[in-house]
Number of protein chains: 4
Amino acid sequence: MADNNNNNKQVTIETQRAKSGMWFMEDVAPGLKIQSELRSIIAMTQSEYQDIQVIESYFGKTLVTDGKTQSAELDEYAYHESLVHPALIQSALLMNNGQGPKTVFIGGGGELATARECLRHESVERVVMVDLDGEVVEVSKKYLPEWGGEAVTSDPRFELVIGDAYQWLLDTEERFDVMILDISDPIEAGPGIMLYVQEFYQHAVTRLAPGHGVFVTQAGMADAIPSSMFSKGEQDTSCYGPIRNTLATVFNAVVPYSSNIPSFGSDWGFVMAYNNGGGDEESLSSRVDELLKQQFGGNDPLKFYDQVTHARMFNLTKPLRKSLEEDKRIMTKENPIFMY
Amino acid sequence: MADNNNNNKQVTIETQRAKSGMWFMEDVAPGLKIQSELRSIIAMTQSEYQDIQVIESYFGKTLVTDGKTQSAELDEYAYHESLVHPALIQSALLMNNGQGPKTVFIGGGGELATARECLRHESVERVVMVDLDGEVVEVSKKYLPEWGGEAVTSDPRFELVIGDAYQWLLDTEERFDVMILDISDPIEAGPGIMLYVQEFYQHAVTRLAPGHGVFVTQAGMADAIPSSMFSKGEQDTSCYGPIRNTLATVFNAVVPYSSNIPSFGSDWGFVMAYNNGGGDEESLSSRVDELLKQQFGGNDPLKFYDQVTHARMFNLTKPLRKSLEEDKRIMTKENPIFMY
Amino acid sequence: MADNNNNNKQVTIETQRAKSGMWFMEDVAPGLKIQSELRSIIAMTQSEYQDIQVIESYFGKTLVTDGKTQSAELDEYAYHESLVHPALIQSALLMNNGQGPKTVFIGGGGELATARECLRHESVERVVMVDLDGEVVEVSKKYLPEWGGEAVTSDPRFELVIGDAYQWLLDTEERFDVMILDISDPIEAGPGIMLYVQEFYQHAVTRLAPGHGVFVTQAGMADAIPSSMFSKGEQDTSCYGPIRNTLATVFNAVVPYSSNIPSFGSDWGFVMAYNNGGGDEESLSSRVDELLKQQFGGNDPLKFYDQVTHARMFNLTKPLRKSLEEDKRIMTKENPIFMY
Amino acid sequence: MADNNNNNKQVTIETQRAKSGMWFMEDVAPGLKIQSELRSIIAMTQSEYQDIQVIESYFGKTLVTDGKTQSAELDEYAYHESLVHPALIQSALLMNNGQGPKTVFIGGGGELATARECLRHESVERVVMVDLDGEVVEVSKKYLPEWGGEAVTSDPRFELVIGDAYQWLLDTEERFDVMILDISDPIEAGPGIMLYVQEFYQHAVTRLAPGHGVFVTQAGMADAIPSSMFSKGEQDTSCYGPIRNTLATVFNAVVPYSSNIPSFGSDWGFVMAYNNGGGDEESLSSRVDELLKQQFGGNDPLKFYDQVTHARMFNLTKPLRKSLEEDKRIMTKENPIFMY
């Protein structure tokens, strides 16, 4: 506002950050919060479904819905690359013909960055994204252009549907090479709970291309030391195990993996699932860089994901593997499991 | 932003407040903070002297400099009425001729609300306000019009000087009926420390009208239980006693009083001082309403101050009186005392 | 633990306080918290009715139940003296025979400090205290001896009943000179709500001595600027007005007053009520010191309350008086009002 | 304290946790804090060097020095196994004779858990641990027996020296198979800074066994997205790169790796270094489980580390690798680099 052309502006900005007294506080788990400096509030609004904020915090520009960080400028690419690329190259690997997936369905994904990553793949000809909350898409286009914005929505391969992803899949005859669920955690009050249950997965598999169809979903907190170990016999509110188990009732290959996402305050879980033919399967881990090169026409547009990062993501720690082995819970419409 | 014409908007706004996760945190004393919901950030800037924020918190629109609340929409009038009116009616009482003070000097007062209260008095013909930081005045005019804004700066009786109040008083020959010091607390790094020392008061008294000149200054935290009792032998960082004591080396009537200002997180101290003739003095406490009526032409424009409020303000609790009695510290240029 | 006989121990303790990272956070109102350094945890337990903690915070040793500060070492006397002494000397004034109240009923008061203050009065021959939660009394005796402890419970004039104060008063034929309600705020989940409703007051008055019986109750937050002004049309969660109004349906003299209690984060309200004869009444405010001298045999054992403090307590600010005037709510069993 | 034999004790404990209002707050980076529920304070003391607390937080029993979490009950094994075992089996691999390291030097390690992990190895005959602060060792023995405690200190293979690790290594002629630096981060005020500089590493290498000597040090925060990317051109306070670079001036094999340690609020870095012969080297990653079996006599005593966990630890994310590549800083006595 003021014209401060002094040389030590950098210093004073640092000072102001320390002095401003403004903070963003987020519950990560019962008894655990993250407190991040709040540098500015860019937008606040409400949709039919949720409160939506765009703030600038320690993690840069951040989309927050109902008080929960959805993604942040400085590490959103870690989340979105982790969610998208393993599934697409797994599909390419299953196709095993030097080609890659052509059609992708995204449930949720309102920030547009999941679509952005899909559209990087040269083989992709069609991305259908069905999100319940058009307001999130509008806010993202306006305030988070780095997430994808107009570049995504104006891409002729991209189709946006504002509506219920489950219903859309019930109504369609289409089958997709890859199906990506990028929705809020299954919390009690949330609209997304029905996209984590067995009934949904049973239908979703019928909308995947036989042979090379790959499904992937975000799956909540997945720290090296699983949160169940912190709760000491109290209710385990992690859904990582239940999501994996529920998918395993529908798919014969179910692969949990995780990435460190600093703005989420923990490592974050994903589960990829597909039905392989049961014959000789090629392992993905040793062919990541080769397949990415195939998909990107020899370029390397990614900032987070490559073959070495893949090894980090897909090798889970011993306590997390043990926790997953011991978890037998399955999520159904009648018996959903709610995260914190 | 969105067009939400639903009926339960009120409910959802309340919900958003609870969910947003945004807070303003302020140190009140070493080991004590206030955490207030942060509803919006209206402006952030920096002047040559300090960081300036206008935020909306639990206390409404709030001016913050260097992380310290200066005044807040919902109780600024309690602070400004407490600071201004006792001194002006005390001057009227000393004049004892049915007239009131004509000239007022304000040191500081950048938010313009101190001037606003002075200008309510029909007897006032001239208000000179000298504040170091023109940026605070600009921000206040633009974002805090309720504090006074243009209505004050465009009043022909009002003169604004951006500069050093001490120096201005050294340079002038003028004498004022009332002198009001509305400046930041005497903290180590602050510019205001020199406006709390004996040398300043010794000069200030020479710029007051003989007989009916009244001086008043804000004087920091003044809880019912003085903060010195919380520090348990550690350094007492309250300046209420030292300000009173230092004024008492210059004036023969020195009256400490205090008001509860919720947004400051405590009761707040003020000290009024004047030299009475030593003869029969009329007591102010029983004539407040009468003098206010005289000053306001029979109207009652005030929201906080009246004769009953005056009784609350000027009767200090027993432990606070005891603490003041025991405090013998005096502030000089060589031996300033710094608040927290 | 370690034997650190170094000279700068004082400094290092201060340093540790700053470094320890331990805080006690308390909700004061929706959107407002106080954060006080936590120096130690002295005891944690649970009774049948509530969680009970004794911690050491910025305010010294502090009793906390269900996360709410009940009273703190460094200002508990301000609260307890404010609650007790005005009612007892008002009763003495009504007796108007140079004698004071002989019997006192306390509802709640588990910390024992309310009884401690009553027992200071030489005229008092019997104090019956009925508290629901014996665990609070035990914790207070063991960890908060400064509040009264054994000195109270071993006083032959003191009778302790663990039980329901309302029921005890229904069962007794006894009448008391003074009745003091020192119970938790009327919150939804709290056990105390029935001690704030009209039906209770209608019965309580029948257990007061005719002519000079005086009733007093704590009455929650009562800032200079009432909290209703902060809620901007949202639900007013203050009970100060409703308690006063409800008492006014039963007593013809109802006097709200308030004291600044720093550890409560605000000014705190009380309401005193009695039925005067309707004839010439003497005013209490000018006779406080005289009546205290009568009651204490010429000694001055009090740290907070005297005639000047009384003037502060009983003169409410203009906005608080206005808010009380406008508040017409009454609390009944069928229509209770819940504080935050 | 109270005898509450009610059935819903579990529920009420959960409730108390939510209600207690007690929190432990820790700065993780400038502008980022973690707030963890504080369930109890087990011990507070001060040594000659630092403040020492043992608290119970969300992460279980936690050792805190100068306000910084050192290790926590529920994930200390992740930290200590990550620090110790890769170096010991790397040494065994370099020995290449079916035997493992016999002698280990630990600089720091006062919690005793680093020694605990070393002593699990059947080949280990001698562990010398030199820690500056005997008080930390005493506190750990008394309050953190799960970390190792008496079982470590009474092991005849274990030698404890209270003193300066650097000086001890200057004074000895002994050479060690493995050298582990388990000390505080290089912060400005900390005693450990000299154990991170080039001069120290240049001496340390002379105290390692030729051929199979392996050095390892903890190396501070090492998130998937390096913190330098959050600071946006401001000073990078991470020391992961400088530690790796400085070790690379002394060792020809320098391997940075990291593990997710939830109680540290981020992924945590380590750097392993050794001088290999330059000939055919066997890769550690494919032989972890085999070497652990050799070292533990066929048993599997570890909770965190195995061959799959190793793959996670030693495959760093693309942005972290990029950040390490670009970092050219080296730490010397004259030019140390301070972490936050």
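Please refer to the structure placed before this passage.
Below is a short write-up of the structure. For clarity, every value in this text was computed on a predicted model and none was experimentally measured.

Our focus in this paragraph is the overall build of chain A. In terms of helices and strands, chain A carries 12 helices and 12 strands. Here chain A, with 340 residues, has 65% of them falling under the buried criterion. Intrachain contacts of chain A at a sequence separation of at least 6 include 67% that bridge at least 24 residues. As displayed, chain A has an accessible area near 12200 Å², and 47% of this comes from carbon and sulfur atoms.

What follows is about the packing of aromatic side chains. Counting across every chain of the model gives 52 aromatic pairs over all chains. Of note, lysine 303 of chain B hangs over the ring of tyrosine 77 of chain B, and the distance from its end group to the ring centre comes to 4.1 Å.

This part covers the relation of the copies chain A and chain D. Two copies of one chain are present, and they are related through a rotation about an axis combined with an axial shift. Each copy superposes on the other: chain A lies on chain D with an RMSD of 0.0 Å after a rotation of 180° and an axial shift of 0.0 Å. As the rotation angle and translation indicate, the two copies are arranged about a two-fold axis. For chain A, the minimum C-alpha distance to the rotation axis belongs to arginine 312 of chain A and amounts to 2.1 Å. Interface overlap between copies is the fraction of interface residues in one copy that are interface residues in the other; for chain A against chain D it reaches 100%, indicating a shared surface.

Let's shift gears to the sheet that holds strand S10 (residues 214-221) of chain A. Residues and elements named next belong to chain A. Strand order in the open sheet formed by 7 strands is S8-S7-S6-S9-S10-S12-S11, and the pairing between neighbours is mixed. Looking at the sheet topology across the chains shown, the edges are occupied by strand S8 (158-162) and strand S11 (253-261). Going across the sheet, the axis of each strand differs from the next one's by a mean of 20°, ignoring polarity. Alignment of strand S9 (residues 178-182) against S10, held across 4 bridges, turns out to be parallel. The residue of S10 that forms the bridge with valine 178 is valine 214. Across the face of the sheet, helix H2 (residues 76-95) comes into contact with strand S6 (103-108), S9, S10, S11 and strand S12 (266-274) while running at roughly 165° to S9. Against the sheet, helix H11 (residues 307-314) makes contact with S11 and S12, and its axis sits at roughly 105° relative to S11, the strand it touches most.

This part covers the packing of helix H9 (residues 240-248) of chain C against helix H12 (residues 318-326) of chain C. Residues and elements named next belong to chain C. Relative orientation of the contacting elements H9 and H12 amounts to 55°, with a least axis distance of 9 Å. It follows from the interaxial angle that H9 and H12 lie oblique. Relative to H12, the crossing made by H9 is right-handed. For the pair formed by H9 and H12, the contact residues are Tyr240, Gly241 and Arg244 on the first element and Leu320, Leu324 and Glu325 on the second. The residue inventory of the contact of H9 with H12, partitioned by class, reads 3 nonpolar, 1 polar and 2 charged.

Residue and element names in this part refer to chain A. In terms of residue burial, strand S3 (residues 51-57) counts as a mostly covered element, since 6 of its 7 residues are buried. Sheet topology places strand S2 (residues 32-46) next to S3; 7 bridges connect them, and they run antiparallel. Paired with threonine 45 across the two strands is isoleucine 52, which belongs to S3. The antiparallel hairpin formed by S3 and strand S4 (residues 60-65) contains 2 residues in its connecting segment.

Among the secondary structure elements, aspartate 75 of chain D is positioned in the loop between strand S5 (68-72) and helix H2 (76-95). The exposure class of aspartate 75 of chain D is buried, given its relative accessible area of 1%. For aspartate 75 of chain D, the residues in contact, after removing those within four places along its chain, are Ile225 of chain A together with Ile261, Pro262 and Ser263 of chain D.

Our next topic: the environment of leucine 247 of chain B. Residue and element names in this part refer to chain B. By secondary structure assignment, the location of leucine 247 is in helix H9 (residues 240-248). Taking C-alpha positions, leucine 247 is 29 Å from phenylalanine 296, a pair spaced 49 residues apart along the chain. Leaving out residues up to four positions away in the same chain, leucine 247 has contacts with Tyr201, Phe215, Thr217, Val254, Val271 and Ala273.

Right, let's get into unusual backbone geometry. Residues and elements named next belong to chain B. Phi is positive for aspartate 66, close to 45°, though the residue is something other than glycine. Relative to the elements of secondary structure, aspartate 66 occurs in the loop between strand S4 (60-65) and strand S5 (68-72). Non-glycine residue asparagine 96 carries a positive phi angle of around 55°. Here asparagine 96 lies in the loop between helix H2 (76-95) and strand S6 (103-108). Looking at asparagine 96, the relative accessible area reads 54%, which means it is exposed.

Listed per partner, the contact involves 53 residues of chain A and 53 residues of chain D. Put simply, chain A and chain D have 6 salt bridges between them. Measuring nitrogen to oxygen at the nearest pair gives 2.7 Å for the salt bridge that ties aspartate 306 of chain A to arginine 321 of chain D. Across the contact surface, chain A and chain D share 25 residue pairs in polar contact (both at pLDDT 80 or more). Contributions of two or more residues to the side of chain A that touches chain D are made by helix H1 (9-19), strand S1 (22-29), S2, H2, helix H8 (228-231), S11, H11 and helix H12 (318-326) of chain A.

Calculation rules
Residues numbered from 1 in each chain as written. Chains lettered and ligands numbered in written order. Predicted model: local features only at pLDDT ≥ 70, side-chain atom pairs only at ≥ 80, totals over all residues. Heavy atoms only, no water. Helix = DSSP H or I, 4+ residues; strand = E, 2+ residues; numbered from the N terminus. Buried < 20%, exposed > 50% of the residue type's maximum accessible area, 1.4 Å probe, protein only. Contact = heavy atoms within 4.5 Å. Areas by Shrake-Rupley, 256 points an atom, 1.4 Å probe, with all protein chains shown as cover. Phe/Tyr/Trp six-rings, centres within 6.5 Å; stacked < 30°, edge-to-face > 60°. Lys NZ or Arg CZ within 6 Å of the ring centre and 35° of its normal. Least-squares fit on C-alpha atoms with pLDDT ≥ 70 in both. Pairing = 2+ DSSP bridges. Axes fitted to C-alpha atoms, helices over the stretch in contact; angles between N-to-C directions. Parallel < 35°, antiparallel > 145°, perpendicular 65-115°, else oblique. Left-handed = near helix turned anticlockwise from the far one by under 90°. Nonpolar A, V, L, I, M, F, W, Y, C, P; charged D, E, K, R; others polar. Salt bridge = Lys/Arg side-chain N within 4 Å of Asp/Glu carboxyl O. Polar contact = N/O pair within 3.5 Å; in protein donor to acceptor, adjacent residues only side chain to side chain.

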